[in-house]
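Notes for the structure review
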Amino acid sequence: MRAIVMREFGGPEVLRLEEVPDPEPARGQILLDVRLAGVNYADVHVRGNTYLAPVGLPYIPGNEVVGTTPDGRRVVALTQGGGYAEKAAVHRRLHWEIPDGITDEQAVPLALQGNSAYHLLFTVARITKGETVVIPAAAGGVGSLAVQLAQQAGARVVALAGTAEKRRLALELGAVAAVDSSDADGLAERILDAAGGPVHAALEMTGGKTLQQTLDVLAPRGRLAVYGFAGGQLADVPVHTLLQKSITAAGFWLPHLYTDRTLPLTASMRQLFDAVGNGTLRIVSGGTFPLADAAKAHNMLNKRAGMGKFSLDTVNP
């Protein structure tokens, strides 16, 4: 099969198309014929060797796919690597049949980005109707879905985005305000002004100074859900601030739900499919690239160019 293989860590140029053996499904897995592979910022961390879990080389990146099962069902699935390929082995508990009426392009972001947005909001930050929540990278894959899910739950969304075009999209998706996040200096003041005061909850994925500024806008007993450090700088969460305002700060990494036998992902996938099917959840596409052009997709992510979901087409050259 054709696959994108990393034989070293580095920039997008390390993503090279090769012919490799088909994967051998382990116990509890099935082999999918992949149609689309989702591209996520986590893949950038994998490529740069800064991912939360170490990976061994050579390595095929990619953690979400749309494909067909041996019995012909069309499914979206989570993988733990191996997604940038014509075939992928996936666990039986981590794939979901795509309802009729939902396209491959609509389905591909739901497994990883959709579940991440859902559980960040409702499992970790526990937002409720009437609360105000800050959502970063609001025009990106996770952010664009989180804006809509939070708004539909009755929350007031203050969206963060680095360009005027991205802020306009966030407002179209349901945010009550959109704040320029291109410069961390003064970010807290801009958020407080847009929100009309401190907020109940915030998602955070940039790290560094942005994390500190986000903490500053939380009201007493506010909740912070951290799911990345895209800016490349880790930051210590000051215990003094947490105690002073009784703030709850929690990290979130979706793979920790993969083995949860209470099936939280099955429940959230059902709700995500329903929302896409009835038109209340819009999938923003950043573009689909041929599999061989994985490096181009990563270049777009590096430059924060485009909006929404990037994916790789494994079928059409």
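Residues numbered from 1 in each chain as written. Predicted model: local features only at pLDDT ≥ 70, side-chain atom pairs only at ≥ 80, totals over all residues. Heavy atoms only, no water.

We now examine the overall build of the protein chain. Each helix and strand in the protein chain was counted, giving 10 helices and 15 strands. Along the first, second and third principal axes, the C-alpha set of the protein chain runs to 55 × 40 × 35 Å. Within the protein chain, the fraction of its 317 residues that count as buried is 53%. The long-range share in the protein chain, meaning contacts at least 24 apart out of those at least 6 apart in sequence, stands at 65%. A total accessible area of about 13700 Å² is found for the protein chain, and carbon and sulfur atoms account for 51% of it. (Helix = DSSP H or I, 4+ residues; strand = E, 2+ residues; numbered from the N terminus. Buried < 20%, exposed > 50% of the residue type's maximum accessible area, 1.4 Å probe, protein only. Contact = heavy atoms within 4.5 Å. Areas by Shrake-Rupley, 256 points an atom, 1.4 Å probe, with all protein chains shown as cover.)

Pairs can form between side chains of opposite charge once their charged atoms are near each other. Inspection of the entire model under this criterion finds 13 salt bridges. Put simply, glutamate 64 and lysine 309 hold a salt bridge, and the shortest N to O gap is 2.2 Å. Of the two residues, glutamate 64 is situated in strand E4 (residues 64-68) and lysine 309 in strand E15 (residues 309-313); the sequence distance between them amounts to 245 residues. Grouping residues by exposure puts glutamate 64 and lysine 309 together as buried. With a closest N to O distance of 2.8 Å, arginine 74 and aspartate 104 form a salt bridge. Of this pair, arginine 74 sits in strand E5 (residues 74-78) while aspartate 104 sits in helix H2 (residues 104-107), and the two are 30 residues apart along the sequence. Classification of aspartate 104 as buried rests on a relative accessible area of 12%. Via salt bridges that share partners, Arg35, Arg74 and Asp104 belong to a single interconnected network. (Salt bridge = Lys/Arg side-chain N within 4 Å of Asp/Glu carboxyl O.)

Our next topic: the nonpolar core. If you look at the biggest cluster of nonpolar residues, it comprises 54 residues, and the most contacted ones within it are Val76, Leu78, Trp96, Leu121, Val133 and Ile135. Put simply, the parts of the chain that give this core at least two residues each are E5, helix H3 (110-124), strand E8 (132-135), helix H4 (141-152), strand E9 (156-161), helix H5 (164-172), strand E11 (199-204) and helix H9 (264-277). When residues in this core are grouped by element, the largest group, eight residues, is from H3. By size, the runner-up hydrophobic cluster in this structure holds 32 residues, among which are Val46, Val90, Ala297 and Phe310. (Core = buried A, V, L, I, M, F, W, Y, C linked by side-chain atoms within 4.5 Å.)

Another aspect to go through is the packing of H3 against H4. For the pair H3 and H4, the least separation of the axes is 8 Å and the interaxial angle reads 50°. Between H3 and H4, the interaxial angle falls into the category oblique. Considering how the two elements wind past one another, H3 and H4 form a crossing that is right-handed. Of H4, the residues touching H3 (which contributes Gln113, Gly114, Ser116, Ala117, Tyr118, Leu120, Leu121 and Phe122) are Gly141, Val142, Leu145, Ala146, Leu149 and Ala150. Broken down by class, the residue content of the contact of H3 with H4 amounts to 10 nonpolar, four polar and no charged. (Axes fitted to C-alpha atoms, helices over the stretch in contact; angles between N-to-C directions. Parallel < 35°, antiparallel > 145°, perpendicular 65-115°, else oblique. Left-handed = near helix turned anticlockwise from the far one by under 90°. Nonpolar A, V, L, I, M, F, W, Y, C, P; charged D, E, K, R; others polar.)

This part is about the packing of aromatic side chains. All chains considered together, the criterion is met by three aromatic pairs. Taking 5.8 Å as the distance between ring centres and 75° as the angle between the ring planes, the aromatic pair formed by tyrosine 51 and tryptophan 253 counts as edge-to-face. Separated by 202 residues along the polypeptide, tyrosine 51 in the loop between helix H1 (41-47) and E4 and tryptophan 253 in the loop between strand E13 (248-251) and H9 bring together distant segments of the chain. Between the aromatic rings of phenylalanine 289 and phenylalanine 310, the centroid separation amounts to 6.1 Å while the plane-to-plane angle is 40°, which identifies the pairing as tilted. Taken together, the residues phenylalanine 289 in strand E14 (residues 285-290) and phenylalanine 310 in strand E15 connect sequence positions 21 residues apart. Across the pair, exposure class does not vary: phenylalanine 289 and phenylalanine 310 are buried alike. (Phe/Tyr/Trp six-rings, centres within 6.5 Å; stacked < 30°, edge-to-face > 60°.)

The six strands are arranged E10-E9-E8-E11-E12-E13 in an open sheet whose pairing can be described as parallel. Looking at the sheet topology across the chains shown, the edges are occupied by strand E10 (177-180) and E13. For this sheet, the mean angle separating the axes of adjacent strands, direction not counted, is 15°. By the bridge criterion, two bridges tie E8 to E11 in an arrangement that is parallel. Among the inter-strand pairings, valine 133 is bridged to a residue of E11, identified as alanine 201. The sheet strands contacting H4 are E8, E9 and E11, and the helix crosses E8 at an angle near 170°. Contacts between helix H7 (residues 208-216) and the sheet are confined to E11 and strand E12 (218-226), with E12 contributing the most and set at about 145° to the helix. (Pairing = 2+ DSSP bridges.)

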